Amino acid sequence: MSDFSSVNECVDQIKKDGYMPVKRIEKPVFKEQNNQDPEPVRQEIIFEAVPLDK
């Protein structure tokens, strides 16, 4: 798993690797607190991609 500084940088890398993103999924990541509600700490973005026709 690589961390990119921007979503566009990630999409550019996906395309460079010969794939086309077709779906974007965003999932919140939470940190558990002692006897409190979970606290959101960041957003995880997952792309589904298909190979480009060449």
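Up top is the structure.
The following paragraphs examine the structure supplied in this document. (Residues numbered from 1 in each chain as written. Predicted model: local features only at pLDDT ≥ 70, side-chain atom pairs only at ≥ 80, totals over all residues. Heavy atoms only, no water.)

### Some remarks on the overall build of the chain
And step 1. What the chain contains, in helices and strands, is 1 helix and 2 strands.
And step 2. Counting from the amino terminus, helix and strand elements in the chain follow one another as α-β-β.
And step 3. A compact globule built from 54 residues should have a C-alpha radius of gyration of about 10 Å, whereas the chain, at 15 Å, is more than 25% larger.
And step 4. In terms of its C-alpha atoms, the chain occupies a principal-axis envelope of roughly 55 × 20 × 15 Å.
And step 5. Relative to its 54 residues, the chain shows a buried fraction of 9%.
And step 6. Within the chain, residue pairs in contact and separated by at least 24 positions form 43% of the contacts whose partners lie at least 6 positions apart.
And step 7. A total of about 4900 Å² of accessible surface is found on the chain, and carbon and sulfur atoms cover 46% of it.
And step 8. Side chains of the chain give 8 positive and 11 negative charges; the mean places of these two sets differ by 4 Å. (Helix = DSSP H or I, 4+ residues; strand = E, 2+ residues; numbered from the N terminus. Rg over C-alpha atoms; globule rule 2.2 N^0.38 Å. Buried < 20%, exposed > 50% of the residue type's maximum accessible area, 1.4 Å probe, protein only. Contact = heavy atoms within 4.5 Å. Areas by Shrake-Rupley, 256 points an atom, 1.4 Å probe, with all protein chains shown as cover. Lys, Arg positive; Asp, Glu negative; His and termini not counted. Charge placed at Lys NZ, Arg CZ, Asp CG, Glu CD.)

### Brief notes about helix 1 (residues 7–16)
Residues three or four positions apart in an α-helix share a direction because the helix packs 3.6 residues into each turn.
And step 1. All of the buried residues along helix 1 are C10, V11 and I14. Taken down its axis, helix 1 places every buried residue within 100 degrees of arc, on the same side. Projecting away from the buried face of helix 1 at angles above 90 degrees are the exposed residues N8, D12 and K16.
And step 2. Contact partners of the buried residues in helix 1: strand 1 (19–31) and strand 2 (39–51).
And step 3. Immediately downstream of helix 1, the backbone of G18 shows phi near 95 degrees, a positive value. (Arc of directions from axis to C-beta.)

### Here's the deal with the pattern of salt bridges
And step 1. Applying the stated rule across the entire model yields 2 salt bridges.
And step 2. For E26, the salt bridge identified is with R24, shortest N-O distance 2.9 Å.
And step 3. Look at E26 and you get partly exposed, because its relative accessible area is 43%. (Salt bridge = Lys/Arg side-chain N within 4 Å of Asp/Glu carboxyl O.)

### Brief notes about the environment of F47
And step 1. Looking at the secondary structure, you find F47 in strand 2.
And step 2. Separated by 12 residues in the primary sequence, F47 and N35 place their C-alpha atoms 34 Å from one another.
And step 3. Those residues in contact with F47 that sit more than four places away from it in its chain are V7, C10, V11, I14, P21, K23 and R24.

Keep in mind these numbers describe shape, not what the thing actually does.
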